[in-house]
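# Structural overview for review
Residue strings, one per chain:
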Amino acid sequence: MTEIHTPRLVLRRWDDDDLVPMADINADPQVMRWIGDGSVLDGDGTAEAVERWEEEWDEEGFGVFAVELLGSGELAGAVGLSVPEYLPEVLPAVEITWRLGRQFWGQGYASEAAQAVLEFALQDRGLDRVIGIVRPGDDASENVLRKLGMVPERETVHPVYGFPLHVHSIDLTEFQA
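The shown structure was predicted, so the numbers you read here are calculated from the model rather than taken from an experiment.

## Some details on helix H3 (residues 43-60)
Along an α-helix, a turn takes 3.6 residues, which lines up residues three or four apart on a common side. Counted at 1.5 Å a residue, the expected span for H3 with its 18 residues is 26 Å, and the 25 Å between its end C-alpha atoms agrees. Looking at the buried positions of H3, the neighbouring elements they touch are helix H1 (19-26), strand S3 (64-69), strand S4 (75-82), strand S5 (95-100) and helix H4 (109-124). By the N-cap criterion, in which a side-chain oxygen at the helix start approaches the backbone nitrogen of a residue two or three places on, H3 is capped by Asp42, the distance to Asp44 being 3.1 Å. Gly61 lies just past H3 and shows a positive phi near 85°.

## Description of the pairing of S3
Taken across its six residues, S3 has six buried, putting it largely inside the fold. Burial of the side chains of S3 extends over both faces: Val64, Ala66 and Glu68 are buried on one face and Phe65, Val67 and Leu69 on the other. Note: strand S2 (residues 9-12) against S3, four bridges, orientation antiparallel. Within S3, the position partnered with Leu9 by the bridge is Leu69. Judged from the five bridges that link them, S3 and S4 form a sheet pairing that is antiparallel. Counterpart to Phe65 in the pairing with S4 is Val79. Where S3 folds back onto S4 in an antiparallel hairpin, the turn is made up of five residues, including Gly73, whose phi is positive at roughly 80°.

## Observations concerning the side chain of Arg99
Within the secondary structure layout, Arg99 lies in strand S5. Of the side chains bearing the opposite charge, Glu95 lies closest to the buried Arg99, which forms no salt bridge; the N-O distance is 9.3 Å. At 2.8 Å, the side chain of Arg99 and the side chain of Asn26 are in polar contact. The contact partners of Arg99, leaving out residues within four places of it in the chain, are Met22, Ile25, Asn26, Val31, Met32, Ile35, Leu41, Trp53, Ala76, Gly77 and Ala78.

## Considerations on the packing of H1 against H3
Packed helices, taken two at a time, are described by the angle between their axes plus the distance between the axes. In contact at an axis separation of 9 Å, H1 and H3 are set at 110° when each is read in the N-to-C sense. On the basis of the axis angle, H1 is roughly perpendicular to H3. Between H1 and H3 the crossing geometry is right-handed. The segment H1 lies against H3, with Leu19, Met22, Ala23 and Asn26 engaging Gly43, Thr46, Ala47, Val50 and Trp53.

## Brief notes about the pairing of S2
Because side chains alternate across S2, one face comprises the buried residues Leu9 and Leu11, and the other comprises Val10 and Arg12, equally buried. Linking strand S1 (residues 3-5) back to S2 in an antiparallel pair, the connection comprises three residues.

## A look at the packing of aromatic side chains
Ring pairs (aromatic) are described by centroid distance and by the angle formed between their planes. All told, the structure shown has six aromatic pairs when counted by the stated rule. Consider the rings of Trp14 and Trp53, whose centres lie 5.3 Å apart with planes at 35°: the pair is tilted. Here Trp53 lies in helix H3 and Trp14 lies in the loop between S2 and H1, a separation of 39 residues in the sequence. On the basis of an interplanar angle of 20° and a centroid distance of 5.8 Å, the ring pair of Tyr161 and Phe163 is categorised as stacked. Ring-pair connections join several aromatic residues into one group, and the members of that group are Trp57, Phe65 and Phe120. Above the face of the Phe163 ring, Arg135 is positioned so that its terminal group lies 3.8 Å from the ring centre.

## A word on a negative patch on the surface
On the surface, Asp42, Asp44, Glu48, Glu51, Glu55, Glu59, Glu60 and Glu85 cluster together to form a negatively charged patch. Along the chain, Asp44 turns up in helix H3. By relative accessible area, Asp44 is classed as exposed at 58%.

## Considering the side chain of Arg12
Residue placement: Arg12 occurs in strand S2. In this structure Arg12 comes out as buried when scored by relative accessible area, which is 7%. In this structure the side chain of Arg12 is engaged in a polar contact, spanning 2.8 Å, whose partner is the side chain of Asp18.

What counts, and where the lines are drawn
Residues numbered from 1 in each chain as written. Predicted model: local features only at pLDDT ≥ 70, side-chain atom pairs only at ≥ 80, totals over all residues. Heavy atoms only, no water. Helix = DSSP H or I, 4+ residues; strand = E, 2+ residues; numbered from the N terminus. Expected span 1.5 Å × (residues − 1). Contact = heavy atoms within 4.5 Å. Polar contact = N/O pair within 3.5 Å; in protein donor to acceptor, adjacent residues only side chain to side chain. Buried < 20%, exposed > 50% of the residue type's maximum accessible area, 1.4 Å probe, protein only. Pairing = 2+ DSSP bridges. Lys, Arg positive; Asp, Glu negative; His and termini not counted. Salt bridge = Lys/Arg side-chain N within 4 Å of Asp/Glu carboxyl O. Axes fitted to C-alpha atoms, helices over the stretch in contact; angles between N-to-C directions. Parallel < 35°, antiparallel > 145°, perpendicular 65-115°, else oblique. Left-handed = near helix turned anticlockwise from the far one by under 90°. Phe/Tyr/Trp six-rings, centres within 6.5 Å; stacked < 30°, edge-to-face > 60°. Lys NZ or Arg CZ within 6 Å of the ring centre and 35° of its normal. Patch = residues over 30% accessible without salt bridge, like charges linked within 9 Å, V, L, I, M, F, W, Y side chains within 5 Å. Areas by Shrake-Rupley, 256 points an atom, 1.4 Å probe, with all protein chains shown as cover. Charge placed at Lys NZ, Arg CZ, Asp CG, Glu CD.

Quick look at the structure:
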């Protein structure tokens, strides 16, 4: 089982006890504002998402981790690596992604978890490049990408929803862990 510890977090695979707290996170319109078309997910939608994330672990050898607070064991959200199949023009690529409950925003958890995921991508999975995809206006996510050392690579448009996207990237051969 893949597990990563940071000073404040545990990144681990998903279990059944994570579904209700993750569904609560996915039900928050502010959390989901910049994700997909901005629609919230219910419990069934959350279960399907976690199932897809777990399948990606099996198929790709990487995926989206559950993010747990080290001290309390509380589920803070999700962070990890995924193949952005919804944006064929960037393929082959691996995207870093995260989604935290609103009560965990502004405390550096996304940056801490994402930094650990980049180290995992380079050291454990041998990836040489990772991208980040954000919508213009999602300043918090843009800030996380900058903290990770990612640089703007291209601007494009979501092929289904038609809104603009910014693609950032980092060459992990130059990554400073």
